[in-house]
Amino acid sequence: MARRIHAINAELDRLRIVEELRRDPELWREWVAYSSYAPEERQVSLMSGVLSAPEAVPVQRIFVNKNDGKVVNVVWLGNSVSGWPRVVHGGVLAAILDETMGRAAIFHLPAKTGVTATLEIAYRRLALTNQFFIVRADVVHEASSERKAVVHGSIETSAQGVHLTEAKALFVVPRNLELGKIKEGF
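The present account deals with the structure reproduced in this document. Quick caveat, the model's predicted, so the values are computed rather than measured.

**Concerning the overall build of the protein chain**
And step 1. Summing up its helical and strand segments, the protein chain has four helices and seven strands in all.
And step 2. Against the globule reference of 16 Å for 186 residues, the protein chain gives a C-alpha radius of gyration of 16 Å, in line with a compact fold.
And step 3. With the C-alpha coordinates of the protein chain rotated into their principal frame, the extents come out at 45 × 35 × 35 Å.
And step 4. Buried positions account for 44% of the 186 residues belonging to the protein chain.
And step 5. Carbon together with sulfur atoms contributes 52% to the accessible area of the protein chain, which is approximately 9800 Å² in total.
And step 6. Within the protein chain, one finds 23 positive and 21 negative side-chain charges whose respective centroids are separated by 2 Å.

**Some thoughts on the packing of aromatic side chains**
And step 1. Applying the stated criterion across every chain yields a total of three aromatic pairs.
And step 2. When the ring of Tyr34 is compared with that of Tyr37, the centres are 5.3 Å apart and the planes differ by 65°; the resulting orientation is edge-to-face.
And step 3. Note on Tyr34: relative accessible area 3%, which makes it buried.
And step 4. Overall, Tyr37 belongs to the partly exposed group, its relative accessible area being 22%.
And step 5. An angle of 70° between the planes, with centres 5.2 Å apart, marks the rings of Trp76 and Phe132 as edge-to-face. With Trp76 in strand β3 (residues 71-77) and Phe132 in strand β5 (residues 131-139), this pair connects stretches of sequence that are 56 residues apart. Judged on exposure class, the residue Trp76 and its partner Phe132 are both buried.
And step 6. The ring of Phe107 is capped by Arg29, whose NZ or CZ atom sits 5.2 Å from the centre of that ring.
And step 7. The side chain of Arg103 reaches across the aromatic face of Tyr34, ending 5.1 Å from its centre.

**Details of the pattern of salt bridges**
And step 1. Here the structure, examined in full by the defined rule, presents eight salt bridges.
And step 2. Linking Asp68 and Lys70 is a salt bridge whose minimum nitrogen-to-oxygen distance equals 3.9 Å.
And step 3. Taking relative accessible area as the criterion, Asp68 reaches 32% and is therefore assigned partly exposed.
And step 4. Between Glu156 and Arg136 there is a salt bridge whose closest N-O contact spans 3.3 Å. On the criterion of sequence distance, the pair formed by Glu156 in strand β6 (residues 148-157) and Arg136 in strand β5 is long-range, its members being 20 residues apart.
And step 5. Shared partners join several salt bridges into a network, and the residues in it are Asp13, Arg22, Glu30 and Arg61.

**Digging into the nonpolar core**
And step 1. Ranked by internal contacts, the top residues of the largest apolar core, which has 36 residues, are Val57, Leu77, Val81, Ile96, Met101 and Val151.
And step 2. At the level of elements, β2 (60-65), β3, α4 (90-108), β5, β6 and β7 (163-172) are the ones that each hand at least two residues to this core.
And step 3. The biggest single contributor to this core is α4, with eight residues.
And step 4. Ranked by size, the runner-up nonpolar core spans 15 residues in total, among them Ile8, Leu12, Leu15 and Val72.

**A word on the sheet that holds β7**
And step 1. Pairing in this open sheet of seven strands is antiparallel, and the strands run β1-β2-β3-β5-β6-β7-β4 from one edge to the other. The open sheet terminates on both sides in strands that have one partner only, identified here as β1 (28-32) and β4 (115-123). Sheet twist, expressed as the mean angle between neighbouring strand axes with direction ignored, is 20°.
And step 2. Sheet topology note: the β4/β7 ladder contains eight bridges and is antiparallel. What sits directly across from Ala122, in β7, is Glu166.
And step 3. Most of the contacts of helix α1 (residues 2-13) go to β3, to which it runs at about 135°, and overall it touches β2, β3 and β5.
And step 4. α4 rests against β1, β2, β3, β4, β5, β6 and β7 of the sheet, and its axis sits at about 135° to β6.

The rules behind these values
Residues numbered from 1 in each chain as written. Predicted model: local features only at pLDDT ≥ 70, side-chain atom pairs only at ≥ 80, totals over all residues. Heavy atoms only, no water. Helix = DSSP H or I, 4+ residues; strand = E, 2+ residues; numbered from the N terminus. Rg over C-alpha atoms; globule rule 2.2 N^0.38 Å. Buried < 20%, exposed > 50% of the residue type's maximum accessible area, 1.4 Å probe, protein only. Areas by Shrake-Rupley, 256 points an atom, 1.4 Å probe, with all protein chains shown as cover. Lys, Arg positive; Asp, Glu negative; His and termini not counted. Charge placed at Lys NZ, Arg CZ, Asp CG, Glu CD. Phe/Tyr/Trp six-rings, centres within 6.5 Å; stacked < 30°, edge-to-face > 60°. Lys NZ or Arg CZ within 6 Å of the ring centre and 35° of its normal. Salt bridge = Lys/Arg side-chain N within 4 Å of Asp/Glu carboxyl O. Core = buried A, V, L, I, M, F, W, Y, C linked by side-chain atoms within 4.5 Å. Pairing = 2+ DSSP bridges. Axes fitted to C-alpha atoms, helices over the stretch in contact; angles between N-to-C directions. Contact = heavy atoms within 4.5 Å.

Listed below in structure tokens is the structure:
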């Protein structure tokens, strides 16, 4: 299991987009998704728990632009997340979009926390398993405020850059529910 994840990480390190983002560490922060979570927190979270298995979603590398808050998530999707054989389940794509877009929203929101209010996804092409994908998220600043963030997102293949999904979401800071601040490394 650890050997498989090590091999996927080694392949990730050779991806062109990863090399490009790493060329400018003054502009891009990088971390492994959920690296700030304690082990007991990871186990009870969908993405860092059950979906983090080697044949599911074992690798997510997050890059955040320090100037504009854009988020790039380089993610591996294995066989265990298929709906049809070799086709990534749309619900898994939705969860990854939600988490990645939520990162962009939380960096924008002064409270450093929030929840998804709406998520609209257009599935343009099938996502096939056992490969890397690039998930992008960007806050629409003119439509956002201190209590809400409108975010656009997409998923594309890492090899050819083919757009597979487009998404729009609204994240809000709840008024009647105290949420903890989310720390970097999520």
